[in-house]
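So you can see what is in the structure, the chains are spelled out below.
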Amino acid sequence: MPYTQIAGTGHCVPERVVTNDELAGMMDTTDEWIQQRTGIRERHWIREGESGAGLAKVASERALAAAHIDVGEVEAILFATVSPDHMAPGNGVFLQRELGAGMIPAIDIRTQCSGFIYSLSIADAYIRAGVFRTILVVGAEVQSTGMDISTRGRNTAVIFADGAGAVVLQAHDDAAGSAILGWDLHSDGTFAEKLWVDAPGAIYHPRNQATHIETKGFAQMDGKEVFRHASTRMPESVRAALSHAGLSASDLALLIPHQANLRISEMVQRNLELRDDQVYNNIDRLGNTTAATIPIALDECVRAGRLKRGDILAMTAFGSGFLWGSAVLRW
Ligand code: UT7
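The model shown is predicted, which means the values in this text are computed figures rather than measured ones.

Moving on to the overall build of the protein. Along the backbone of the protein there are 11 helices and 13 strands. The C-alpha radius of gyration of the protein comes to 19 Å, within 12% of the 20 Å expected for a compact globule of 331 residues. Expressed as lengths along the three principal axes of its C-alpha atoms, the size of the protein is roughly 55 × 45 × 35 Å. Of the contacts formed within the protein by residues at least 6 apart in sequence, a portion of 77% connects residues at least 24 apart. Total accessible area on the protein is roughly 13,900 Å²; 51% of this is exposed by carbon and sulfur atoms. Separation of charge centres in the protein, based on 29 positive and 39 negative side chains, amounts to 3 Å.

Okay, helix α5 (residues 115-128) next. An α-helix turns once per 3.6 residues; consequently, residues spaced three or four apart project the same way. With 14 residues, α5 should reach 20 Å at 1.5 Å per residue; the first-to-last C-alpha distance of 20 Å fits that figure. Counting buried positions over the 14 residues of α5 gives 10, a clear majority of the element. Among the residues making up α5, those that are buried are Gly115, Phe116, Ile117, Tyr118, Ser119, Leu120, Ser121, Ala123, Asp124 and Ile127. Gly130 occupies a position one or two residues after α5 and carries a positive phi of about 80°.

Below, the discussion takes up the sheet that holds strand β11 (residues 254-257). Pairing in this open sheet of four strands is mixed, and the strands run β8-β13-β12-β11 from one edge to the other. In this open sheet, the two strands that pair with only one neighbour each are β8 (179-187) and β11. Neighbour-to-neighbour, the strand axes of the sheet open up by a mean angle of 10°, direction not taken into account. Packing of helix α8 (residues 223-244) onto the sheet brings it into contact with β8, β11, β12 (312-319) and β13 (323-330), and relative to β12 it is tilted by some 145°.

What follows concerns the environment of Arg62. Structurally, the position occupied by Arg62 is in helix α3 (residues 52-67). On the accessibility criterion, Arg62 (41% relative accessible area) is partly exposed. Sequence spacing of Arg62 and Asp299 is 237 residues, and the spatial spacing of their C-alpha atoms is 9.7 Å. Beyond its immediate chain neighbours, meaning those up to four positions away, Arg62 contacts Thr9, Gly10, His11, Cys12 and Arg303.

Under the definition given, this model contains four aromatic pairs. Here the aromatic rings of Tyr126 and Phe132 are separated by 4.9 Å at their centres, their planes lie at 70°, and the arrangement is edge-to-face. Since its relative accessible area comes to 26%, Tyr126 is described here as partly exposed. Centroid distance Phe318 to Trp324: 5.7 Å. Interplanar angle 35°. Geometry classified as tilted. Members of the aromatic cluster, joined through ring pairs, are Phe191, Phe318, Phe322 and Trp324.

In the vicinity of the ligand there are 22 residues, among which Thr29, Arg37, Lys224, Asn261 and Asn288 approach most closely. One of the side-chain nitrogen or oxygen atoms of Trp33 is found 3.4 Å away from a nitrogen atom of the ligand. Between Asn288 and the ligand, the recorded distance is 2.7 Å, taken from a side-chain N or O atom to an oxygen atom. Bound to the protein, the ligand loses 73% of the 940 Å² it would expose on its own.

Thresholds, definitions, all that
In every chain, residue numbers begin from 1 and rise along the written sequence. Only residues with pLDDT of at least 70 are given local features in this predicted model, and only at 80 or more are side-chain atom pairs given and counted; all residues enter the totals for whole chains, interfaces and linings. Excluded from the side-chain calculations are hydrogens and water; all other atoms, namely the structure's heavy atoms, are used. Going along the chain from the N terminus, every DSSP run of H or I of four or more residues is numbered as a helix, and every run of E of two or more is numbered as a strand. As defined in this context, the radius of gyration uses C-alpha atoms, and a globule is described by 2.2 Å times the residue total to the power 0.38. Note on contacts: a residue pair is in contact if any heavy atoms of the two residues lie within 4.5 Å. To measure how exposed things are, a 1.4 Å probe is used in the Shrake-Rupley method; for residues, cover is taken only from the protein chains shown. Under the convention used here, Asp and Glu are negative, Lys and Arg are positive, and both His and the chain ends fall outside the count. Charged side chains are reduced to one point each, which is NZ for Lys, CZ for Arg, CG for Asp and CD for Glu. Here, expected helix span is obtained from the residue count minus one, scaled by 1.5 Å. The buried label goes to any residue with under 20% of its type's maximum accessible area, the exposed label to any with over 50%, and the partly exposed label to all in between, with areas taken from a 1.4 Å probe on protein chains only. We treat two strands as partners when DSSP finds at least two bridges between them. Axes here mean lines fitted to C-alpha atoms, for a helix over just the part in contact, with angles spanning 0 to 180 degrees between N-to-C directions. Pairing of aromatic side chains here covers Phe, Tyr and the six-membered ring of Trp, requires ring centres within 6.5 Å, and sorts the geometry by plane angle: under 30 degrees stacked, over 60 edge-to-face, intermediate tilted. To be near a molecule or strand, a residue needs just one of its heavy atoms within 4 Å of it. Identification of polar contacts relies on pairs of N or O atoms within 3.5 Å, with a donor-acceptor requirement for protein atoms, meaning one able to donate a hydrogen and the other able to accept it, and with residues adjacent in sequence counted only if both atoms are side-chain atoms.

Geometric descriptors of this kind do not, in isolation, establish any biological role.
Laid out in structure tokens, this is it:
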């Protein structure tokens, strides 16, 4: 059975930086509140004319270049996003077109903040089963155009942001080489309405209603409930994924937690008894880019030399669904 390695990483965030002070000019909030409660100082939002597929294209090209792989060698695309450019088709096909890839499968994965971890696990299963040998996995979001940028929406508008991250996965046969060693995935739909976007949805007749724009069309979040579950589920899941790989938290060289809130990452770190240098956070600069946080952070770590061959890396996510999961790799 082949092993799955990450052969290259890339990311792209829009040029436009939005500071907390800028948000304070749009709603009743302060830089101090946002930094204290979330750890965020600034984030990136797209300008008109930019798109999620466009950010994904740049991230993917960087990942392909890092892997020294021509786009023609990619056998499948997995595109994790909760914010596709259009309701249908999904962003996978737009990326396939933009990249000039072959007529390969392009699959959108809708598992919100856990989208990258879920996509990674699916790609790993394809590779280990011998279905494909080279897969492009992308997490990309444009959250800024879907938020309620007013005091009413301030508990989500200050958190969510735009960006894209990509990895190229490749099959190889070296048992001692870089590989995905284990993963752990869960859902609990009991909490579906604790973080959701109600409309547009096919349950409504008709699906698109003008009144929804001001009511059900924005993300609604019970922040405290999400916080409580996220801070316990992520460490639990990291331990489970490590255990599937025959490892424990003391083996970890680096943990990349989903960048939901710096306070959540700090609780995950404490729970797993990790030092500051074992946990990577960039939420202060980038906010919460949903399915893109982990591949963006991974690319930053790779380019900064934070990972060396043989290091044990864990990545973990929690979000809307509730859906959560983790992956453990030997770098
Ligand atoms: O990606 C995964 C999904 N998301 C998450 O993981 C997010 C998890 N949750 C959180 O990060 C936090 O719950 C938040 C940062 C969203 C909110 O922090 P909190 O400490 O849980 O605040 P809260 O929602 O309980 O609100 C406390 C107060 C409220 O005012 P009152 O009712 O006490 O007068 C809010 O209206 O803070 C108010 N508030 C704000 N004030 C200033 C909420 N958002 C803001 C804001 N600026 N942006």
